[in-house]
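# Observations on the model geometry
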Amino acid sequence: MATIDGRPAQYGISLKQLRELMEHRGREGVAMIGEFGGIHELCKKLYTSPNEGLSGSKADEEHRRETFGSNIIPPKPPKTFLTLVWEALQDVTLIILEVAALVSLGLSFYKPADEDAPVLQEEEEHHGWIEGLAILISVIVVVIVTAFNDYSKERQFRGLQNRIEGEHKFSVIRGGEVCQISVGDILVGDIAQIKYGDLLPADGCLIQSNDLKVDESSLTGESDHVKKGPDVDPMVLSGTHVMEGSGKMIVTAVGVNSQAGIIFTLLGAAVDEQEAEIKKMKKEAKKASKQTNKSLTGESDGRTPMKGSQAQAQASSQRQTVSEGTKSESDGNHVPQSSSTSAPAETGHKKEKSVLQAKLTKLAIQIGYAGSTIAVLTVIILIIQFCIKTFVIDEKPWKNTYANNLVKHLIIGVTVLVVAVPEGLPLAVTLSLAYSVKKMMKDNNLVRHLDACETMGNATAICSDKTGTLTTNRMTVVQSYICEKLCKVLPTLSDIPQHVGNLITMGISVNSAYTSNIMGGKNPGDLPIQVGNKTECSLLGFVQALGVKYQSIRDEIPEDKFTRVYTFNSVRKSMGTVIPRPNGGYRLYTKGASEIIMKKCAFIYGHEGTLEKFTRDMQERLIREVIEPMACDGLRTISVAYRDFVPGKAALNEVHIDGEPNWDDEENIMSNLTCLCVVGIEDPVRPEVPDAIRKCQRAGITVRMVTGDNINTARSIASKCGILRPNEDFLILEGKEFNRRIRDTNGDIQQHLIDKVWPKLRVLARSSPTDKYTLVKGIIDSAVSENREVVAVTGDGTNDGPALKKADVGFAMGIAGTDVAKEASDIILTDDNFSSIVKAVMWGRNVYDSIAKFLQFQLTVNVVAVIVAFIGACAIQDSPLKAVQMLWVNLIMDTLASLALATELPTPDLLLRKPYGRTKPLISRTMMKNILGQALYQLFIIFSLLFVGDSILDIESGRGQELNAGPTQHFTIIFNTFVMMTLFNEINARKIHGQRNVIEGLLTNPIFYTIWIFTMISQVLIIQYGKMAFSTKALSLDQWLWCVFFGIGTLVWGQLITSVPTRKLPKILSWGRGHPEEYTDAMNLGEERFDSIDSDKKPRAGQILWIRGLTRLQTQLRVIRAFRSTLEDLNERRSMHSLHSLRSPRTGMPLGVGHPLYNFNLLSPNYNKHQHQQQQQPPPQPQQNQSSAPLPLDISYIDEDPQQQRTLHNGRTTSVNISGSASPTQPTRVPGLSPGFSEIAHTLQQQVRSNHNETHHSNGQNETRI
């Protein structure tokens, strides 16, 4: 018999049986495991041990991978380069150019018998085809460059996605050792330790659990937490979140065989079908609208209504199956959520399209319209002039060769359009973000949602956690109070009475998660490594310092001997473990925040370890003389206590029991405790934090600390960090007091009351996750400051999820953060360090500035090129800049310049200005001054050269040339001068705040000067050797010097423009002012038409992609998608002049409010109730108290006049919800995904089950065929 690693190669259970096993829930699951002989028998069948785990040998791992698959869900294959080329070719302006070029090519070979044709045309006939071909080649170059940019962008984000997946580690037991392995390496048969805050990476069956509650909403849509346990419901599924407790499970299904994987595999097929169906639906909708028109004249054939009703019938039947499925599965096992964990109902809608994107979209559309108008006018004027001159004045008859002239005019018009439409804008945004994100990785910022990077530049407030962010999260016990002795240094075991010492060491070792450990450092001199919960590690370190090995105590009492565990959560603020006593009865150990534990204690060990009653007076004295002084030193205080339950005669501090106590009666169990000790744990402030906070304050960003710690500890740390500054008017509140101040007499939160608190609030202590959420929401919705606040939040716990989601930018901790917090965040701080946030602010501001630089450069070129082409057409019936030449300029300014200007590095100066806020104009008056100033100079030079340049430079004039005449030096000089001015203006564009030194920092950006030199060399080659293809004629040296001289003139002229005072310019010159709502509303135009088509049909493909929420892998795919969509959206929009294609980059949903999935009536009772409550919520109250506290910072904006600015925006602004509506009543997503999506998930799951008979086995892999 074949053996692997000393065991039989044949497992005692097959892949098919495991898959079937995982489909059962609740009691059914317990029964199914019983059929296999119980959980320990299941472990034997999979050749693993519940305590030792897998052996960890390579052969065994390989064999398991081959048999049961690996824990990877294959991502959707990336688009190939050819696909991207094809997509780039879809651009309407390019298509028109291609067609015109082909027509031009055809006509150049068409020679009708023309008796009057002069002989000299013969020579030029040979070259007639060159221009058409040159245009085609230029188009191909533009397309390939665009496709290459997209391709490299996608590759970059695949890399980023892999990096994010690599970050996700999980604890498993291998060879008896607990080790952290990458999620992709988890195998069937692994013994995994699961704890509060984990996102489960695979399916499994529980071996042992403590108070385990799981949020399965991502699979079932049920928002209640499901209680799990080996004898209640042992099945835990991938993609679900552990909300409370801990446990140990054996992995039974990984990758495509896990529940999340099965659905995902189905969806892979479903998405493609769905996309095809949408196309079909759009076509049908068009037919339908035609038929509706016909039906008015009585010609309807009645087919279309049938479609709609069928779809509705199908949807309702699907709904029924879903709801029945959920009912049968719920099994009465749901635990109603406690008030604290059920985050406020509307987990803030993310700002789907950032303010900058919104403003750019609007700008691009407006420029597009203006460009199209001028292009059409140019063509019309050229054609009319040609016709009048030829047929009216010269009275010539029509000849077929004139068709060529008309095509040439059309080409000029289309070229004007190409130059006018700023397709470089989305490219610049994309490149700038891609570059920044890559660089930010080095600064320990892992960006998950791209717009977060830019939003961060506008942040005005940061609400930060204390532990781990402002402090090092390397906790150590530095003071202790045991048996009436306060020790400022660590005591030895001999200093403590023996029985008390044993109770303390035992209590700490047993009553802390067994995942918390202290490992030796890698090198002999290194500090020990703390693994798991840092507070518990500090207590375990205290046990080690007393000279006791905590691991030997744990070995005596393994987790499976525990009677009951009360896990730590934000409501309890303590943890308790019940173990059996050797001589009968039970002992409860507990530890937690000292004020909370003290209130539950009735006894304490006094001098020399004698037991004393712990009276109210003693408690107050202890708090006053021990706990408060410790807290004022910035220490976190933890108390350890215990209680005995004995069957026989009970001592003073014991309680007599006859049977097993009711462990669910927590209040009684956790009372009359005996206090063993109070310890003070130090968590020093990170050395770099005070400086980082000073930078934030200088940059106009207010830092607030929100912590669950004691108010004295919080105050001490806040002072050390510099959050509290002397001589400043600030507030420090506890959670209770904060709630009292912001709620009215009915207990409802009122915005006008929050507005009185938040401007001065600097520290919120003893706060619950709900308090944090309320504060963040209050600041975001506030209209106190003239500029709506942009809030960043840091969080690490599962319960920080709602606040992280609500914030404009959510930062999760990469090291200490739970998976749930990371899922809810926008940026992950890989080093958990506050100073990395300052770097994010710097990069964010840099992105904004890079795009502004590009805008300033691009708009100057646009204005000049369009005016020159238009006036040239009117004045001399020809454009001085030929089609191919304009395409070259377009390539310089769009692709190359966006690359050069978008890759500038941030400078510390960025942190010296105040934040822009949400209402800052996109194009400031300084920028507009530069754009118009440079355009005037360039137009003056070009028109001077056009009309008098030939006589000044003594060359043959290019005006009034015949159609097929060769290129002239005159027009070549105009083209060359234009490019030189553009190139030198690119250097000017590097500064947008009116700085004089435009050369500064030029050499720090190699990309910029490489591209600049490359463009210059290409230009020389085009002029000297371009000939017919580029309509150029070689220039002499002094002609070249003239061109360069005019080019350098832009730098000198730039200095003159800088001298014009900006403040004197009218406000009208800035563009893009006002609140983001104006921009997001603009983007909803054209939505409704398409929504009405789809509203009663099946959900769109984008919506079905909710599966991303299920696994880390899918979540990260958004990043790539977000990136691609920016470019695709603009292309589509430009070509259709319609905004219906706007999809939110993060969720793939349309921005309209008429959301098909939101119209589902879910038949699950919980959801209806949930939705009903939301719909009854009143809209936010308008500002009532206008005399609220002023902002501590008087923020003024660059380029803005403070007096006028103040009067501009005193209206109330609601929080931007870029998903199209600012209404608070829209149904919200349960963490993970919305109930509507859950329906689809559920239907798919049922399809899997019903199709289970069609499951085939091939190479040990399952393929589900539908």
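Thresholds, definitions, all that
Throughout this description, residue numbers start from 1 for each chain and increase along the sequence as written. The predicted origin of the model limits local features to residues at a pLDDT of at least 70 and limits the giving and counting of side-chain atom pairs to 80 or more, whereas totals for whole chains, interfaces and linings rest on all residues. Values shown for side chains rest on all heavy atoms present in the structure; no hydrogens or waters enter the calculation. The secondary structure listing takes helices from DSSP runs of H or I that are at least 4 residues long and strands from runs of E that are at least 2 residues long, numbered from the N terminus. Only protein chains enter the accessibility calculation, which uses a 1.4 Å probe; a residue whose area is less than 20% of its type maximum is buried, one above 50% is exposed, and one in between is partly exposed. Contacts were defined at the residue level, with two residues in contact if any of their heavy atoms lie within 4.5 Å. The protein chains shown are the only cover counted for residues, whose accessible areas, like all others here, come from Shrake-Rupley with a 1.4 Å probe. A pair of aromatic rings is counted whenever rings of Phe, Tyr or Trp (Trp by its six-membered ring) have centres within 6.5 Å, and the orientation is called stacked for planes under 30 degrees apart, edge-to-face for over 60 and tilted otherwise. When we speak of the arc, we mean the arc of directions from the helix axis to the C-beta atoms. Working convention: axes come from line fits to C-alpha atoms, limited for helices to the stretch in contact. Angles between N-to-C directions cover 0 to 180 degrees. We call two directions roughly parallel when the angle between them is under 35 degrees, roughly antiparallel when it is over 145, roughly perpendicular when it lies between 65 and 115, and oblique otherwise. In this scheme the crossing of two helices becomes right-handed for a clockwise turn of the near helix relative to the far one and left-handed for an anticlockwise turn of less than a right angle. Here a strand pair is declared whenever DSSP counts at least two bridges between the two strands. Working definition of a nonpolar core: buried Ala, Val, Leu, Ile, Met, Phe, Trp, Tyr and Cys residues. They are joined through side-chain atoms within 4.5 Å. Side-chain atoms alone can form a polar contact between residues adjacent in sequence; in general such a contact is a pair of N or O atoms within 3.5 Å, and within protein one must be able to donate a hydrogen while the other accepts it.

## A closer look at the overall build of the chain
- The helix and strand inventory of the chain stands at 42 helices and 32 strands.
- Buried positions account for 59% of the 1266 residues belonging to the chain.
- Considering only contacts in the chain between residues 6 or more positions apart, those separated by 24 or more positions represent 77%.
- In the form shown here, the chain has an accessible surface area of approximately 50500 Å², with 58% of it arising from carbon and sulfur atoms.

## Notes on the packing of aromatic side chains
- In total, this model carries 18 aromatic pairs according to the counting rule given.
- Consider the rings of Phe 391 and Trp 398, whose centres lie 6.1 Å apart with planes at 45°: the pair is tilted.
- When its relative accessible area of 27% is taken as the criterion, Phe 391 is described as partly exposed.
- Cluster of aromatic residues (ring-pair linked, three or more members): Phe 386, Phe 391, Trp 398 and Tyr 402.

## Considerations on helix α2 (residues 26-35)
- Restricting attention to buried positions, one finds in α2 the residues Gly 26, Gly 29, Met 32 and Ile 33. Axial view of α2: buried residues confined to an arc of 100°, hence all on one face. Among the exposed residues of α2, those pointing more than 90 degrees away from its buried face are Arg 27 and Glu 35.
- Where α2 is buried, its residues touch α1 (15-21), α3 (39-45), β6 (203-215) and β8 (235-236).
- A positive backbone phi angle near 95° is found at Gly 37, which sits one or two residues after α2.

## A look at the packing of helix α29 (residues 834-876) against helix α32 (residues 969-988)
- One can describe the packing of α29 onto α32 by two numbers: an axis separation of 9 Å at closest approach and a directional angle of 160°. On the basis of the axis angle, α29 is roughly antiparallel to α32. In this structure, α29 meets α32 at a crossing whose hand is right-handed. Along its contact with α29, which presents Gln 856, Phe 857, Thr 860, Val 861, Val 864, Ala 865 and Ile 876, the element α32 presents Phe 971, Phe 978, Thr 982, Asn 985, Glu 986 and Asn 988.

## Side note on the pairing of strand β28 (residues 791-795)
- Within β28, five of the five residues are buried, which leaves it mostly tucked inside the rest of the structure.
- Of the two faces of β28, the one holding Val 791, Val 793 and Gly 795 and the one holding Ala 792 and Thr 794 are both buried throughout.
- The pairing of strand β12 (residues 461-464) with β28 spans three bridges and is parallel. Bridging from a neighbouring strand, Ile 462 pairs with Ala 792 of β28.

## Brief notes about the nonpolar core
- Ranked by internal contacts, the top residues of the largest apolar core, which has 147 residues, are Met 456, Phe 811, Phe 834, Leu 855 and Ile 923.
- Ranked by the residues each element gives to this core, the list is headed by α29, at 22 residues.
- Listed in part, the 42 residues of the second largest apolar core include Leu 21, Phe 36, Ile 191 and Ile 250.

## Focus on the side chain of Ser 825
- If you trace the backbone, Ser 825 turns up in the loop between α28 (819-824) and β30 (827-829).
- Taking relative accessible area as the criterion, Ser 825 reaches 0% and is therefore assigned buried.
- Separated by 2.8 Å, the side chain of Ser 825 and the backbone oxygen of Lys 822 make a polar contact.
- For Ser 825, the contacting residues outside a window of four places in its chain are Arg 448, His 449, Gly 810, Phe 811 and Ala 812.

## Quick notes on the sheet that holds β12
- Spatial strand order, β11-β30-β29-β28-β12-β25-β27-β26: eight strands in an open sheet with mixed pairing. The sheet is open, and its two edges are formed by β11 (445-447) and β26 (731-734), each paired on a single side. Adjacent strand axes in the sheet meet at a mean angle of 20°, parallel and antiparallel pairs treated alike.
- Sheet topology places strand β29 (residues 809-813) next to β30; three bridges connect them, and they run parallel. Across the sheet, the residue bridging to Ala 812 is Ile 828, located in β30.

## Quick word on the environment of Ser 924
- When you line up the elements, Ser 924 lands in the loop between α30 (883-901) and α31 (925-952).
- Overall, the relative accessible area of 3% leaves Ser 924 in the buried class.
- Spatially, the C-alpha atoms of Ser 924 and Gln 856 are 9.8 Å apart, while their sequence positions differ by 68 residues.

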